[in-house]
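A closer look at the structure
So the chains spell out like this:
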Amino acid sequence: MGILEKIAEIEREMNRTQKNKATEYHLGLLKGKLARYRAELVEVKSGGPKGDGFDVKRSGDARVAMIGFPSVGKSTLLSNITDTEAAVSNIDFTTLQATPGRWEYNGAVIQLLDLPGIIEGASQGIGRGKQVVSTARTADLVLMMLDATKSHLQRPLLEKELEAVGIRLNKKVPNIYYKVKTGGGISYNSTCKQSQLTEKFVYQLLHQYRVFNAEVLVREDVTIDDFIDVVVGNRIHLPCLYAYNKIDAITIEEVDRIAREDHTVVVSIEKDLNMDVLKQAIWESLDLLRVYTKRHGEYPDFSESLILRKGATVEECCRAIHKTLLDTFKYALVWGKSSKHNPQRAGLSHLLCNDDVIQIVRK
């Protein structure tokens, strides 16, 4: 029996099993098996023949992967906000390869990837979908393009395909310490009461993965799925923005209902409706910071900014300017939201905020 047949058999058994308190333990072990087989399915075996995946060189300050079913407006959006001329047509599967585009916004260079449309079962390789969803793992943000005129089942179907390849959308990394050891058996501790996870399940799941010596420390109330993700270890947690296109073809009541959903933007790319809101939403979802530099005795240079990740420190800013700057670093003067007073003398561990101004003082 192949991996796909094993996955189908487990899914059938899970569908047959009633979901209640008495079956939670059994369903959890089935989910563990399912996660293991799916991980084997997406693994790239080394030493084999080179595949025909979508190998696009990463460029810019961030990468955004556009994912959606065929003919939802991905190529139209790429042509609209970048200089790339993507193939646009009402015919399904017009885009057959990953098409990158360069987009400059708020001083940042953002790479947009127009990925081919996927269909149900993509995570299992149907319609080259395996390459599409695997390419999304390299992105900093998933932009899920949806057709507002079609079924509302589009969104959960796409989320299911991404979940199957280990992509977790808009979820934080579980606060679980897990380390495989060479001896001593399995040590399980929890700092708070668990509503789902039990010590018995932890032991059984680790034995299922042939782990007999490990240390587990759970620091928050987590689900069984969260613990499985930590054990499997190949999960990627990405922010996701849902963009509903073609809102000019539905009623204003329907537009209002969709727009109130979390992480959602409603647009009409052809009619150029709400495009500025979409661009700003992409920027905010990427969690990028603009930091301006200043020389001693001169005004700040607002014509060019450094683009850093949210949570960046003065040390990371120094590395972005030049890798040797840390060797002669003495302290930094910071103006902006992150400073208690202007200017504030700061060390390497000082956290920066958006639109801060920094001056590096050298030894």
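Note that the coordinates shown come from a computational prediction; the quantities given were computed from them, not determined experimentally. (Residues numbered from 1 in each chain as written. Predicted model: local features only at pLDDT ≥ 70, side-chain atom pairs only at ≥ 80, totals over all residues. Heavy atoms only, no water.)

Glancing now at the overall build of the protein chain. Secondary structure summary: the protein chain contains 10 helices and 16 strands in total. The buried share of the protein chain, reckoned over its 363 residues, is 45%. A separation of at least 24 residues holds for 64% of the contacts in the protein chain among residues at least 6 apart in sequence. Accessible surface, the protein chain: about 19700 Å² in total, of which carbon and sulfur atoms supply 49%. (Helix = DSSP H or I, 4+ residues; strand = E, 2+ residues; numbered from the N terminus. Buried < 20%, exposed > 50% of the residue type's maximum accessible area, 1.4 Å probe, protein only. Contact = heavy atoms within 4.5 Å. Areas by Shrake-Rupley, 256 points an atom, 1.4 Å probe, with all protein chains shown as cover.)

The interhelical angle for the contact between helix α3 (residues 74-81) and helix α9 (residues 275-286), taken along N-to-C directions, is 90°, at an axis separation of 13 Å. Here α3 lies roughly perpendicular to α9, going by the angle between them. Residue-level inspection shows L77, N80 and I81 of α3 in contact with α9, the latter providing M275, L278 and K279. Its residues assigned to classes, the contact of α3 with α9 comprises 4 nonpolar, 1 polar and 1 charged. (Axes fitted to C-alpha atoms, helices over the stretch in contact; angles between N-to-C directions. Parallel < 35°, antiparallel > 145°, perpendicular 65-115°, else oblique. Nonpolar A, V, L, I, M, F, W, Y, C, P; charged D, E, K, R; others polar.)

Inspection of the secondary structure assignment puts R168 in strand β5 (residues 167-169). Judged by relative accessible area, R168 falls into the buried class, the value being 6%. A distance of 2.9 Å separates a polar atom in the side chain of R168 from a polar atom in the side chain of D229. Not counting the four nearest positions on each side in its chain, R168 is found in contact with E163, D229, R235, I236, H237 and L238. (Polar contact = N/O pair within 3.5 Å; in protein donor to acceptor, adjacent residues only side chain to side chain.)

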